[in-house]
Amino acid sequence: MGEPFKKTRVTHGGGARVLKDLCETAVPRVSEDLPCTHSTPFSSRDIQVRSSSQASSYPSGGILTLGQSPQNSTFLKTFPAGESSPSGKTPAPGSIPRRRDTQALLPVTQAMELRNRDYHVERPLMNQQQLEELGHRTSATRTYQWRTWFQCSRARARALLFQYLPVLSWLPRYPLRDWLLGDLLAGLSVAIMQLPQGLAYALLAGLPPVFGLYSSFYPVFVYFLFGTSRHISVGTFAVMSVMVGSVTESLAPDENFLQGVNATVDEVARDHFRVQLASTLSVLVGLFQVGLGLVHFGFVVTYLSEPLVRGYTTAASVQVFVSQLKYVFGLQLSSRSGPLSLIYTVLEVCSLLPRSVVGTVVTALVSGVVLVLLKLLSDKLHRYLPMPIPGELLTLIGATGISYGVGLKSRFGVDVVGDIPAGLVPPAAPSPQLFASLVGYAFTIAVVGFAIAISLGKIFALRHGYRVDSNQELVALGLSNLIGGIFQCFPVSCSMSRSLVQEGSGGNTQVAGAVSSLFILIIIVKLGELFRDLPKAVLAAAIIVNLKGMLKQFTDIPSLWKSNRMDLLIWLVTFVATILLNLDLGLAIAVVFSLLLVVFRTQLPRYSVLGQVPDTDIYQDVAEYSEAREVPGVKVFRSSATMYFANAELYSDALKKRCGVDVDHLISKKKKWLRKQEQKLKRMQKTPQKQTAASEGTSVSVQVNTNIRDVESNNVDDSTARQASAGKELEDTTASGQEDAKAANGSTLKALGLPQPHFHSLILDLGALSFVDTVCIKSLKNIFRDFREIEVEVYMAACHAPVVSQLEAGHFFDASITKQHLFASVHDAVLFALQHPRSSPASPVLTTKL
């Protein structure tokens, strides 16, 4: 393996960028016979290079010459130091380009055409050891970030203040003239949407409508101070509201507040306890989010893939739709929670449809139709309007006026919102005795709320060219929920529909959010009581119409079927689990399933036998590339996934299967034959005195051993061995039994009459490895041992530097497996294997079987 460097021609396509880098960084020197035919910044240059000092027979220096081949292909050629170019002249260091060289330069436009040409590189064949010496590899220095956490300085204090209170960094530089008008219009537009949605989503959470207005004020203003996204609209959201509603209805069902002989529900006591539940839940959600943000746990959202989030929100929209049916039909349904609660609710609604209130149904249908028409009109005229038509607000104002004038509640039995207290409620401490029953729900809501917010935040950040800090978003959203919970709010996130309106109506910063929160404050203080006659059926219709965007996500099914069926499987499992098992259990099952699917996909990667694409150093799967041809005598194997404890055994099995050789069978046959020889030697040692006993069995045994030695040494004549007396052979064998055993252990497959592999070298392309563990290292050692047993030498190629470091730390390299078995590329390993088709028998590798 300690062979010197070999000059190797490597052919690539589209390599003008490499040539450009070499030309721009090298020392200018000119080759007379190979002028570089491209103009500035390309120039005719030779590049002085140094090769590995270990390669004794390869010159210590050389010249790389850029030029053009007769086939008009730019190439890079190596001339050893002291050796002249093909013309016999060596360019002197620091020589100046001659006139006829500069006249050969091409215009810039023609030089750019070199990108479409091929280039050729002649370089030494390098294994890992030579590459490390040539590149002067050193161990990467570790940086301990935690040390900076305890450093104190004015600059660090200022940076921390701006990090955790971002409003101080952007508000002083706020361009009033450019952005203020857009933010004012956007804030007004969002507030107009926030008002009806806040009232409606409070009903969805099982709370009085006024608490939806509170949740549209406090959290929005807090996010204005601490958030990093400039465009998302924080506040009430349907998915969060339905999750809160599932908690309040499960822990405070109507059955717990029955009173009197008629078993009527004490709504005042029920609502008071549910508000306490929701506010305490908001405090816990905020504590979870702030805590996760401070420990930089924002990456947890990466475990919620886009198909998972979309499937989950689609199922949540179905939950929202079903929960609003009681308001659409005017029914009194029993509270349900837990697995299959949605199915039972649908069945109960169907059974109670004959008891529907006609006035309520008509009100909901008319409101829904009017709202849909207003949205269609707004979409059609959005180019000509400074802000969208406030369909929800107009519908609510009209429905409230009609309800008050006609008397829908008294005449037709239509349920209305009722009294809305004016002013703000005082802050209240959360109830600690409820923490134990709410902690599980709080963590789920915290993760889902953050996932929705950061997903929308990153979309807008990419669209407008700024950065969103996921950890600070956790802190900002957590403080919004924490402070909001103290002021009787329920957990919030951001709304996709309001965020799109805020962006589309000219919003540039969270000043728009602050404007919308102030507008909501005015409504809470002065105008809230005007909506006491608003029918709940109108709010239900507004919620159902606004579900259109999430319900349209059902179109993901056909698109994912065509693009990625694994993502479709995640989407479907998430949807079905959330529908059947409710929102909290559905999310947990979806996350576990998606993670298990990742493990499953790494356990079943694509295994390939590679062949060389003609006239290149590129190796591709022979099953996919018809022109790729296997190199005779060399087998190249690749896996599309990293090898670790979960798939190491599968990797070994696939390797042996794809090689076309029954490795285990050959090894077992060989070991079985060797055991027989050992047993025969022992029998011969027990009968040393029977020199005249020329038994047929002993003659055959000695003959076999003699033939083995003949094959090993190739200097003993077969006929001479047959003429030797049986007694003499037995004496020699008995006297040197240990030597015979060693000779038998070195027996070849050909001498044993076993089939030989059709290849002499195996190359493992390890470019897909991102890490290795102890099981992977043991598996690789076993591969070396097993294939050496059947006289096949094993090499590795294309390992990344971190993987090499992990192999060194795991003591993978030893006397029998050195870094000379690891090559910089597959092509290097193939060329070395072709130059060394039969290496000397290596000592067996000591390893532990899996």
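Residues numbered from 1 in each chain as written. Predicted model: local features only at pLDDT ≥ 70, side-chain atom pairs only at ≥ 80, totals over all residues. Heavy atoms only, no water.

Draft legend 1. Expanded view of the overall build of the protein chain. Counting its regular elements, the protein chain contains 35 helices and 15 strands. Among the 850 residues that make up the protein chain, the fraction classed as buried is 49%. Put simply, 78% of the contacts in the protein chain that link residues at least 6 apart link residues at least 24 apart. Accessible surface, the protein chain: about 41600 Å² in total, of which carbon and sulfur atoms supply 60%. (Helix = DSSP H or I, 4+ residues; strand = E, 2+ residues; numbered from the N terminus. Buried < 20%, exposed > 50% of the residue type's maximum accessible area, 1.4 Å probe, protein only. Contact = heavy atoms within 4.5 Å. Areas by Shrake-Rupley, 256 points an atom, 1.4 Å probe, with all protein chains shown as cover.)

Draft legend 2. Region of interest: the sheet that holds strand β11 (residues 619–621). Within the open sheet, the six strands sit side by side as β11-β10-β12-β13-β14-β15. Their pairing is mixed. Two strands close off the open sheet at either side, each with one partner strand: β11 and β15 (822–823). Two strands pair when backbone bridges link them, and strand β10 (residues 607–612) and strand β12 (residues 634–639) are joined in this way by four bridges, in the antiparallel orientation. When the bridges of β12 are listed, Val 609 appears paired with Phe 637. (Pairing = 2+ DSSP bridges.)

Draft legend 3. Broad picture of the pattern of salt bridges. Applying the stated criterion across every chain yields a total of 21 salt bridges. In this structure, the salt-bridge partner of Arg 606 is Glu 624, at a minimum N-O distance of 3.2 Å. One end of the pair, Arg 606, is in the loop between α25 (565–603) and β10; the other, Glu 624, is in the loop between β11 and β12, with 18 residues separating them in the sequence. Salt-bridge contacts for Arg 785 lead to Asp 786; the nearest nitrogen and oxygen are separated by 2.9 Å. An identical accessibility class is assigned to Arg 785 and Asp 786; each is buried. (Salt bridge = Lys/Arg side-chain N within 4 Å of Asp/Glu carboxyl O.)

Draft legend 4. Structural view of the side chain of Glu 793. Of note, Glu 793 is situated in strand β14 (residues 793–797). A relative accessible area of 10% places Glu 793 in the buried class.

Draft legend 5. Spotlight on the environment of Phe 450. The topology assignment puts Phe 450 in helix α18 (residues 435–464). Spatially, the C-alpha atom of Phe 450 lies 10.0 Å from that of Val 475, the residues being 25 residues apart in sequence.

Draft legend 6. Spatial organisation of a nonpolar patch on the surface. Among the surface-exposed residues, Leu 294, Val 295, Phe 297, Phe 299, Tyr 303 and Leu 595 lie close enough to one another that they form a single nonpolar patch of about 550 Å² accessible area. With respect to the element layout, Val 295 can be found in the loop between α11 (267–294) and α12 (306–323). (Patch = residues over 30% accessible without salt bridge, like charges linked within 9 Å, V, L, I, M, F, W, Y side chains within 5 Å.)

Draft legend 7. Expanded view of unusual backbone geometry. One non-glycine residue, His 136, lies in positive phi territory at about 55°. Its place among the elements puts His 136 in the loop between α4 (128–135) and α5 (154–164). Assessed through its relative accessible area of 65%, His 136 is described here as exposed. Phi is positive for Glu 791, which is not a glycine, with a value near 65°. Mapping Glu 791 onto the fold places it in the loop between α33 (774–789) and β14.

Draft legend 8. Molecular detail of the nonpolar core. Ranked by internal contacts, the top residues of the largest apolar core, which has 99 residues, are Leu 195, Val 239, Met 243, Leu 281, Leu 534 and Leu 539. At 14 residues, α18 tops the list of elements feeding residues into this core. Among all residues touching Leu 281, those that are not within four sequence positions of it are Val 244, Val 247, Leu 438, Tyr 441, Ala 442, Ile 445 and Pro 491. Among the nonpolar cores identified, the runner-up in size contains 41 residues, and Cys 659, Ile 783, Ile 790 and Leu 822 belong to it. (Core = buried A, V, L, I, M, F, W, Y, C linked by side-chain atoms within 4.5 Å.)

Draft legend 9. Region of interest: the side chain of Asn 127. If you trace the backbone, Asn 127 turns up in the loop between β5 (118–124) and α4. You can call Asn 127 buried: its relative accessible area is 2%. For Asn 127, the side chain forms a polar contact with the main-chain nitrogen of Gln 129, separated by 3.2 Å. (Polar contact = N/O pair within 3.5 Å; in protein donor to acceptor, adjacent residues only side chain to side chain.)

Draft legend 10. Expanded view of helix α10 (residues 238–251). With 14 residues, α10 extends 20 Å between its outermost C-alpha atoms, agreeing within 8% with the 20 Å of an ideal straight helix rising 1.5 Å per residue. For α10, a buried count of eleven out of 14 residues is recorded, marking the element as mostly surrounded by other parts of the structure. Buried residues of α10: Ala 238, Val 239, Met 240, Ser 241, Val 242, Met 243, Val 244, Gly 245, Ser 246, Val 247 and Thr 248, and no others. (Expected span 1.5 Å × (residues − 1).)

Draft legend 11. Spatial organisation of the packing of aromatic side chains. Across all of its chains, the model carries 22 aromatic pairs by this definition. For the ring pair Tyr 174 and Trp 179, a centre distance of 6.1 Å and an interplane angle of 70° mean the geometry is edge-to-face. Classification of Tyr 174 as buried rests on a relative accessible area of 11%. Residue Trp 179 is classed as partly exposed on the basis of its relative accessible area of 27%. Ring geometry for Tyr 607 and Tyr 651: centres 6.1 Å apart, planes at 70°, overall edge-to-face. Here the residue Tyr 607 occupies a position in strand β10, and Tyr 651 occupies one in helix α26 (residues 648–658), the gap between them amounting to 44 residues. In this structure, Arg 565 packs its charged tip against the face of Trp 561, placed 3.7 Å from the ring centre. The ring of Phe 813 carries the charged tip of Lys 819 above its face, separated from the ring centre by 6.0 Å. (Phe/Tyr/Trp six-rings, centres within 6.5 Å; stacked < 30°, edge-to-face > 60°. Lys NZ or Arg CZ within 6 Å of the ring centre and 35° of its normal.)

Draft legend 12. A look at the packing of α11 against helix α19 (residues 470–486). Contact geometry for α11 and α19: axes closest at 7 Å, N-to-C directions at 155°. On the basis of the axis angle, α11 is roughly antiparallel to α19. As for how α11 packs across α19, the hand of that crossing is left-handed. Contacts between α11 and α19 involve Ser 279, Ser 282, Val 283, Val 285, Gly 286, Leu 287, Gln 289, Val 290, Leu 292, Gly 293 and Leu 294 from the first element and Asn 471, Leu 474, Val 475, Leu 477, Gly 478, Leu 479, Asn 481, Leu 482, Gly 484, Gly 485 and Ile 486 from the second. (Axes fitted to C-alpha atoms, helices over the stretch in contact; angles between N-to-C directions. Parallel < 35°, antiparallel > 145°, perpendicular 65-115°, else oblique. Left-handed = near helix turned anticlockwise from the far one by under 90°.)

Draft legend 13. Layout of the packing of α10 against α11. It is at 10 Å that the axes of α10 and α11 come closest, and there the two elements cross at 135°. One element, α10, and the other, α11, form an angle in the oblique class. Our pair here, α10 against α11, has a crossing hand that is right-handed. Listed contacts from α11 to Val 244, Val 247, Thr 248, Glu 249 and Leu 251 of α10 are Phe 273, Arg 274, Leu 277, Ala 278 and Leu 281. Its residues assigned to classes, the contact of α10 with α11 comprises seven nonpolar, one polar and two charged. (Nonpolar A, V, L, I, M, F, W, Y, C, P; charged D, E, K, R; others polar.)

Draft legend 14. Expanded view of the pairing of strand β13 (residues 761–765). Most of β13 sits inside the fold, with five of its five residues counted as buried. Burial of β13 is two-sided: the residues Ser 761, Ile 763 and Asp 765 facing one way and the residues Leu 762 and Leu 764 facing the other way are all buried. Relative to β13, β12 runs parallel, the two sharing five bridges. In the sheet register, Phe 637 faces β13, and the bridge partner there is Leu 764. Pairing of β13 with β14, which is carried by five bridges, proceeds in the parallel orientation. The residue bridging Asp 765 from the neighbouring strand is Ala 797, located in β14.

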